[in-house]
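Structural overview for review
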Amino acid sequence: MSETHDRELLEGLDTYKYGFYDTAEPVFKTEKGLNEDVVRMISAKKNEPQWMLEFRLNAYREFISKPMPNWGSPLLQEVNFDDIYYYIKPTDRQGDTWEDVPSYIKETFDKLGIPEAEKTMLAGIGAQYDSEVVYHNLKEQWEKLGVTFLDMDSGLREYPQIVREYFGTVVPPSDNKFAALNSAVWSGGSFVYVPKGVKVEIPLQAYFRINAKNAGQFERTLIIAEEGSFVHYVEGCTAPMYSSDSLHSAVVEIIVKANARVRYTTIQNWSYNVFNLVTKRSVVYRNGTMEWVDGNLGSKLTMKYPAVYLLEPGAHGEILSLAFAGPNQHQDAGAKVLHFAPHTTSNIVSKSIAKGGGRASYRGLVKAGPNSKHSKSFTRCDALLIDDRSQSDTYPVMDIEENQIEIGHEATVSKVSSEQIFYLQSRGLSESEAEAMIIAGFIEPIAKELPMEYALELNRLIQLQMSGSVG
Amino acid sequence: MPKELRIENLHVRIAGTDTEILKGLTLRIRQGEIHALMGPNGAGKSTLGAAIMGHPNYEVTEGILEWDGKNLLEMKTDERARAGLFLAFQYPIELPGVTLFNFLRSSYNAIHPPAEGQKPIGAVMFHKMVLDALQLLDMDPSFSQRYLNDGFSGGEKKRCEVMQMQILKPQMAILDETDSGLDIDALKIVANGVNRLRGDNFGALVITHYQRLLDYLTPDFVHVLMNGRIVLSGDRELALELEKRGYDWVREVVEAKGVPA
């Protein structure tokens, strides 16, 4: 961390950095609010097969029948389903070179540094703008090995059998109200298929951008890692600051076959008017490994608990959760691991930071189901409070139905002490630099798991939050 | 012109209470000088160090505190550090997750910012500086990549404070019982660390319980702090006398002079 660099970052930033928006009109959008016609229209616009339309309509009925969850956060009651556009199509075509992308969208992604990132450090990239993926590209070397990386709509068109086999099997629409909503109106997201034995050594990235006011984004991602394969999928997200709220409600389903490994990294940096209500789940087979690295910095309310279902012996789940709640933010983040086979192992590390009246909650489930003997799970959850106004809570649930299980749970809550700040100030660092350094140390166990560029980005975002410029 | 730390009739209490710890302390330290401050437990030695550096738990209610003509009471702790002051802590904090190297580099760039148009010191160059300083304090090079004070023994933390001082090159340093808890070898190493910085552009206030540190770190002046005031000042001999005769002797001397101690 270079001091001069820090200072540059701390100065002159008085708004959410990604709060700009463009004013171009979309080519199509549905009316505000949700009904069966809207669902049918989305499906028709996409020329979907009949089974998908039926899947959507069933999901819509599930959505209607389910009450709003009464847990999580009181902010949830502010979500107004009637005040949202469920489908906004920004452009008529998808580009596979940047030149093909409409210039106003290109400018937005240029500002976000997406094309640069693709050139230097990624195997492939997808960029979604409101409801549709506007750019998609996978480098040829991976294509040759049979790797598929498409937007979900193209995935459905080009690989109907595979999609039909897996879609909605890991997260069924009946799972929860928001999974039902996503299943009814989903659009965009990624479809990733990695053939047996193929290891995609550099990350695939998806970038999600909400641009329109009162927009909902409901992307759907399906990742299938065949036996012995590896893939690292990274997603980032931003949105403009509007006075009215937006809704982001994604579903991510991941299938990790025997001896395969999937890592899914999220740096969530939605603007502070976005409700981020996401269901992410993976199933893991024999000796496979699933790793969720889940960083939540933005949004007004996030409720997200990446889950791992360990279905066969030797399966392993790893969840690193990071949450930063600033003023008027509630991060209700966490993890779920369900052991359904003997000799399965899991590890959860959660680090949360609350500042300026923000609230960071850890909500976790560790379940050892029947037939899970000799399984081990360890949870470590640390909370750091920057001031007296902020709040941290922990809701760990352990559900043990089997014996010969080893479960550990450690939790700490600490406050930045005046002694720490004094020491660092006595070494020339300003108060906000001292706080940022303490936080950087606190999240180091997670930051070191990120690709370097993302670790730097994470540090930068935290410095921005610490400089008091945000919220 | 050597710069001067000027402390005049300083009254300090624990913030938010009526407990006064320093009760009119006066002391002047110029660059080029090493002052030793001795005194029984609870006399206020550490409070003086903390007050000079601006610890929020201590409140200056009266008196003058200046460095190089600047009113320290109007400066934040980090501004005091950037003006050239340094405090070696009696109980340094631990900072898990931040390597000694990264911590020191941020600190160094804050205290010695590059001149206009110049780049901050490069990582390779700075790495060399850190390794050299570690070697001088007889510390393993691996400390550079260890988290700051995290899991360090008491002695390692003390050495690390002096090692930081070596890198940051303060103009005036306060060492708060840096010798306590050290064996004789470590004591020599720490004393040598201070001796290496000695010169026209460095002054120090060395707070200590024991005269044995002063065997290796010959002070120019020795002061005895009792009950919030400096009651006796002298040279190297005073420390030896103290060692022999104890603080009761100081009380007698002071009473004989008619000053309450």
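You'll find the structure just up there.
Given the structure is predicted, the values throughout are model-derived calculations rather than measurements.

Its place among the elements puts Asp-138 of chain B in the loop between α4 (123-136) and β8 (147-148). Spatially, the C-alpha atoms of Asp-138 of chain B and Asp-179 of chain B are 16 Å apart, while their sequence positions differ by 41 residues.

Turning our eyes to something else, we now look at the interface of chain B and chain A. At the junction of the two partners, chain B supplies 25 residues and chain A supplies 21 residues. Elements with a minimum of two residues in the side of chain B that touches chain A: α2 (77-82), β7 (95-99) and α3 (100-111) of chain B. When residues of the side of chain B that touches chain A are assigned to their parent elements, the largest contribution, six residues, is made by α3 of chain B. Of the residues that constitute the side of chain B that touches chain A, the class distribution is 14 nonpolar, eight polar and three charged.

The next thing to look at is the sheet that holds strand β4 (residues 132-138) of chain A. Residue and element names in this part refer to chain A. Across the sheet, ten strands lie side by side as β4-β3-β7-β10-β13-β15-β18-β20-β22-β24; this open sheet has mixed pairing. Both edges of this open sheet fall to β4 and β24 (406-415), since each of them pairs with a single strand only. The sheet shows a mean angle of 10° between the axes of neighbouring strands, taken without regard to direction. Note: strand β22 (residues 376-385) against β24, ten bridges, orientation parallel. Counterpart to Asp-382 in the pairing with β24 is Thr-412. In this fold helix α11 (residues 431-447) packs onto β15 (289-296), β18 (316-325), β20 (345-354) and β22, with an angle of close to 160° to the strand it touches most, β20.

Residue and element names in this part refer to chain B. Along its 22 residues, helix α7 (residues 236-257) runs just 21 Å from first to last C-alpha, ending more than 12% under the 32 Å computed at 1.5 Å per residue. The largest bend in α7 comes to about 105°, at Arg-245. Taken together, the buried positions of α7 are occupied by Leu-238, Ala-239, Leu-242 and Val-250. Where the residues of α7 are buried, they touch β3 (34-38), β11 (221-226) and β12 (229-234).

What counts, and where the lines are drawn
Residues numbered from 1 in each chain as written. Chains lettered and ligands numbered in written order. Predicted model: local features only at pLDDT ≥ 70, side-chain atom pairs only at ≥ 80, totals over all residues. Helix = DSSP H or I, 4+ residues; strand = E, 2+ residues; numbered from the N terminus. Contact = placed C-beta atoms within 7 Å. Nonpolar A, V, L, I, M, F, W, Y, C, P; charged D, E, K, R; others polar. Pairing = 2+ DSSP bridges. Axes fitted to C-alpha atoms, helices over the stretch in contact; angles between N-to-C directions. Expected span 1.5 Å × (residues − 1). Bend = angle between axes of the 7 residues up to and from the residue. Buried ≥ 20, exposed ≤ 12 C-beta atoms within 10 Å, placed from the backbone.

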